[in-house]
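Here's the letter readout for the chains.
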Amino acid sequence: MTEIFSMDENNINDGLLKKAGSIVREGGTVIFPTETVYGLGANALDANAVKKIFEAKGRPSDNPLIVHVADYDGILPLVSEVNDRAKALIKHFMPGPITIIMKRSEAIPDEVTAGLDTVGIRMPSHKIASRFIKLAGIPIAAPSANISGKPSPTRAEHVIHDMDGKVDAIIADGPSGVGVESTVVDVTGEIPMILRPGGITLEDLRSVLGRVEVDPAVLKKPSKNLVARAPGMKYKHYSPDAEVVIVSGPENAVAEKINELSKEDMAAGKKVAVLACYETKKLYDIVVIILGSRKDKLSISENLFDALRKLDDMGIDKAYAEAVDEEGLGLAIMNRLKKAAAYKIIRVN
Ligand code: TXA
Ligand code: MG
């Protein structure tokens, strides 16, 4: 049986969070909200507890988990060193939507790191997440709380849909603010490397560290010659049952192309929808799911995974998505969209 603890970020219930904390301390699993997506947490220092996360998600065991802490002191026992690059990122961006890959310490079981000599550390800024970790008094390993391969959960109903009956408790709050997962950045080498783009942008990182590179697997389809450095990025991901196709180019040409292609799909008996924006909605003569505003990428990232899940709820067979530019949060949005679309992109002029 899964216990549901409902609360609001602005009205935190310490009594329920203490209960949730004791569940993870005793080796159980608790789903909690963060500013990015909901996480499926267990005691990061307890190999048996961590195994329950992989079971609940159906996650391959060679995909490492990131470890969540409440404050700087929580990081130190988990890593063998905090180099200058890590220190700068911690100072500027923690707590917040970033995961820093550092050399691990002996405290962390192999089940968490999938045998790697590094560990991903994340300090959420979400008040419920932070308080929950603090009251639990232990570091919490947590992947996104979705069934492996599905879009990450950004609404309490998503986690209840995927995980009810598979975990001990769910802390249910409102929608996640950022809506895409944290930026994963590896600072163990000389040149910091983004392994997964997220809420803290490439531009943010460069303003603090100077040179920062993006793992090529973020932009292009991984292949035999291009292996993603974040193990999780190699798996099928963010996939609704619907076939997704991205269309990129000037607004009007994109809409024209989508209207044209969807006519053919509908003639073939398919149920079609388009993921579009407030500004472009009027250009379509098919079902539109609005992601947000073209002028505000955060509004798009916030709704992206919910929109992908809606496609399945609505029984859509084929969905077209408008591309966004890859500046700022756009890099993370396009990375997730490309994966959802299995890299199918049509370019128009
Ligand atoms: O926003 C987030 O990061 C959310 C919330 C719950 O904190 N968590 C999350 O975890 O997205 P997960 O497991 O779904 O994604 C973590 C990613 C995976 O792609 C994994 O392969 C990669 O980080 N990763 C974890 N540890 C790593 C390591 N030591 N080296 C390289 N990549 C690592
Ligand atoms: Mg995930």
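Structure: see above.
Bear in mind that the values here come from a model prediction, so they are computed numbers and not experimental data.

Some details on the overall build of the chain
Next up, step 1: The helix and strand tally for the chain stands at 12 helices and 16 strands.
Next up, step 2: Against the globule reference of 20 Å for 349 residues, the chain gives a C-alpha radius of gyration of 20 Å, in line with a compact fold.
Next up, step 3: With respect to the three principal axes, the spread of C-alpha positions in the chain is 60 × 45 × 40 Å.
Next up, step 4: Burial status across the chain gives 58% buried among its 349 residues.
Next up, step 5: Sequence separation of at least 24 residues holds for 68% of the intrachain contacts in the chain that already meet a minimum separation of 6.
Next up, step 6: Entry remark: accessible area of the chain is about 14,400 Å², with carbon and sulfur atoms responsible for 50%.
Next up, step 7: Of the side-chain charges in the chain, 45 are positive and 48 negative, and the distance between the mean point of each set is 3 Å.

What to know about the side chain of Thr-118
Next up, step 1: Within the secondary structure layout, Thr-118 lies in strand 6 (residues 118–122).
Next up, step 2: Overall, the relative accessible area of 14% leaves Thr-118 in the buried class.
Next up, step 3: If we skip the residues at most four places from it in the chain, Thr-118 touches Ile-101, Met-102, Lys-103, Arg-104, Thr-113 and Thr-188.

Considerations on helix 4 (residues 84–93)
Next up, step 1: The set of residues buried in helix 4 consists of Ala-86, Leu-89, Ile-90 and Phe-93. Around the axis of helix 4, the buried residues are gathered within 100 degrees of arc, so they sit on the same side. Seen from the open side of helix 4, the exposed residues pointing more than 90 degrees away from its buried face are Asp-84 and Lys-91.
Next up, step 2: Contact partners of the buried residues in helix 4: helix 3 (72–75), strand 5 (98–103), strand 9 (183–186) and helix 8 (202–209).
Next up, step 3: The N-cap residue of helix 4 is Asn-83: its side-chain oxygen and the backbone nitrogen of Arg-85 are 3.2 Å apart.

What about the layout of surface pockets?
Next up, step 1: Taken as a whole, the largest pocket holds about 740 Å³ of empty space.
Next up, step 2: Together, 43 residues line the largest pocket, and Arg-59, Asn-63, Pro-64, Ile-66 and Arg-196 are the ones closest to its centre.
Next up, step 3: With 4 residues, strand 6 is the largest single contributor of residues to the lining of the largest pocket.
Next up, step 4: Residues that form the lining of the largest pocket fall into these classes: 19 nonpolar, 16 polar and 8 charged.

Observations concerning the site of ligand 1
Next up, step 1: In the vicinity of ligand 1, 27 residues are found, and the nearest of them are Thr-36, Asn-63, His-68, Ser-182 and Gly-232.
Next up, step 2: Residue Thr-118 places a side-chain N or O atom 3.0 Å away from a nitrogen atom belonging to ligand 1.
Next up, step 3: Between ligand 1 and the protein, one listed contact pairs an oxygen atom with a side-chain N or O atom of Ser-144 at 3.0 Å.
Next up, step 4: Applying the majority rule of atoms within 2 Å of the grid points places ligand 1 in the largest pocket.

Describing the nonpolar core
Next up, step 1: In this structure, Ile-31, Ile-75, Ile-98, Ile-100, Met-102, Ile-121 and Leu-205 are the most contacted members of the largest nonpolar core, which totals 48 residues.
Next up, step 2: The element best represented in this core is helix 2 (residues 47–57), accounting for 5 residues.
Next up, step 3: With near-sequence residues (within four places) excluded, Ile-121 lies in contact with Val-67, Val-69, Ile-75, Leu-78, Val-79, Met-94, Ile-98, Thr-99, Ile-100 and Met-102.

Points about the packing of helix 11 (residues 297–313) against helix 12 (residues 330–340)
Next up, step 1: Taken N-terminus to C-terminus, the directions of helix 11 and helix 12 make an angle of 20 degrees; their axes are 10 Å apart at the nearest point. Considered as vectors, helix 11 and helix 12 are oriented roughly parallel to each other. Here helix 11 and helix 12 pass one another in a crossing that is left-handed. Between helix 11 and helix 12, the residues in contact are Lys-297, Ile-300, Ser-301, Leu-304, Phe-305 and Leu-308 and Gly-330, Ile-333, Arg-336, Leu-337 and Ala-340, respectively.
Next up, step 2: Per-class residue counts for the contact of helix 11 with helix 12 are 7 nonpolar, 2 polar and 2 charged.

Describing the sheet that holds strand 1 (residues 3–6)
Next up, step 1: Across the sheet, 11 strands lie side by side as 1-8-2-3-7-4-6-5-9-10-11; this open sheet has mixed pairing. Lying at the two open borders of the sheet, with one neighbouring strand each, are strand 1 and strand 11 (213–214).
Next up, step 2: Direction of pairing for strand 4 (residues 66–68) relative to strand 7 (residues 140–141): antiparallel, over a ladder of 2 bridges. Bridge pairing links Val-67 to Ala-141 in strand 7.
Next up, step 3: In the packing of helix 4 onto the sheet, contacts are made with strand 5 and strand 9, and the angle to strand 5 comes to roughly 155 degrees.

Some thoughts on the packing of aromatic side chains
Next up, step 1: This structure, assessed with the given rule, holds 1 aromatic pair.
Next up, step 2: Between Phe-32 and Phe-132, the aromatic rings sit 5.2 Å apart at their centres with planes inclined by 45 degrees, giving tilted as the arrangement. Taken as a pair, Phe-32 in strand 2 (residues 30–32) and Phe-132 in helix 6 (residues 127–136) lie far apart in primary sequence, 100 residues in all.

A look at the pattern of salt bridges
Next up, step 1: Under the criterion given, the structure shown has 21 salt bridges.
Next up, step 2: Residues Arg-229 and Asp-186 are paired through a salt bridge, measuring 3.1 Å at the closest nitrogen-oxygen approach. Here the residue Arg-229 occupies a position in the loop between helix 9 (216–219) and strand 12 (243–248), and Asp-186 occupies one in strand 9, the gap between them amounting to 43 residues.
Next up, step 3: With its nearest N and O atoms 3.1 Å apart, the salt bridge here joins Arg-211 to Glu-213.
Next up, step 4: Among the residues examined, Glu-213 registers a relative accessible area of 30% and is labelled partly exposed.
Next up, step 5: Linked through salt bridges whose partners overlap, the residues forming this network are Arg-155, Asp-306 and Lys-310.

Cut-off values and rules
- The residue count restarts for each chain, going from 1 along the sequence in the order it is written.
- The lettering of chains begins at A and the numbering of ligands begins at 1, in the order of writing.
- A pLDDT threshold of at least 70 governs which residues receive local features in this predicted model, and a stricter bar of 80 or more applies before side-chain atom pairs are shown or counted, although totals over entire chains, interfaces and linings include all residues.
- Excluded from the side-chain calculation are hydrogens and water; included are all heavy atoms of the structure.
- A helix here means a DSSP run of H or I that spans at least four residues, while a strand means a run of E at least two residues long, and both kinds are numbered starting from the N terminus.
- Values of the radius of gyration come from C-alpha atoms, whereas the globule rule sets the reference at 2.2 Å times the count of residues to the power 0.38.
- Relative accessibility under 20% of the residue-type maximum defines a buried residue, over 50% an exposed one, and the middle range a partly exposed one, all with a 1.4 Å probe and only protein chains included.
- By the convention used here, residues are in contact when the closest approach between their heavy atoms is within 4.5 Å.
- Per-residue accessibility takes into account occlusion by the displayed protein chains alone, with areas from the Shrake-Rupley method and a 1.4 Å probe.
- Asp and Glu are treated as the negative residues and Lys and Arg as the positive ones, with His and the ends of the chain left uncounted.
- Note that the charge is assigned to NZ on lysines, CZ on arginines, CG on aspartates and CD on glutamates.
- When we speak of the arc, we mean the arc of directions from the helix axis to the C-beta atoms.
- Within 3.5 Å is the distance limit for a polar contact, defined as a pair of N or O atoms, with the added protein rule that one can donate a hydrogen and the other accept it, and that residues adjacent in sequence qualify only through two side-chain atoms.
- Both cavities and pockets are sets of points on a 1 Å grid over the protein atoms alone; in a cavity a 1.4 Å probe fits but cannot get out, in a pocket the set is open with protein on both sides within 12 Å along at least five of seven lines, and lining residues sit with an atom within 4 Å of a point.
- Grid points are joined across faces, edges and corners, and a volume is the space filled by probe spheres set on the points.
- Classes in brief: Ala, Val, Leu, Ile, Met, Phe, Trp, Tyr, Cys and Pro nonpolar; Asp, Glu, Lys and Arg charged; the others, Gly included, polar.
- Note on terminology: near, applied to a residue and a molecule or strand, indicates that one of the residue's heavy atoms is within 4 Å of it.
- More than half of a molecule's atoms within 2 Å of the grid points is what it takes for that molecule to sit in a cavity or pocket.
- By nonpolar core we mean a set of buried residues, namely Ala, Val, Leu, Ile, Met, Phe, Trp, Tyr and Cys, connected to one another through side-chain atoms within 4.5 Å.
- Interaxial angles span 0 to 180 degrees and are taken between N-to-C directions of axes, which are lines fitted to C-alpha atoms, for helices over the stretch in contact.
- Oblique is the label for every angle not falling under 35 degrees (roughly parallel), over 145 degrees (roughly antiparallel), or within 65 to 115 degrees (roughly perpendicular).
- Handedness of each helix crossing follows the sense of rotation of the near helix against the far helix: counterclockwise by less than a right angle gives left-handed, clockwise gives right-handed.
- The rule for pairing is simple: two strands pair if DSSP sees at least two bridges between them.
- Working definition: rings of Phe, Tyr and Trp (its six-membered ring) pair if their centres are within 6.5 Å, and the pair is stacked with planes under 30 degrees apart, edge-to-face with planes over 60 apart, and tilted otherwise.
- Each reported salt bridge corresponds to a side-chain nitrogen of Lys or Arg within 4 Å of a carboxyl oxygen of Asp or Glu.

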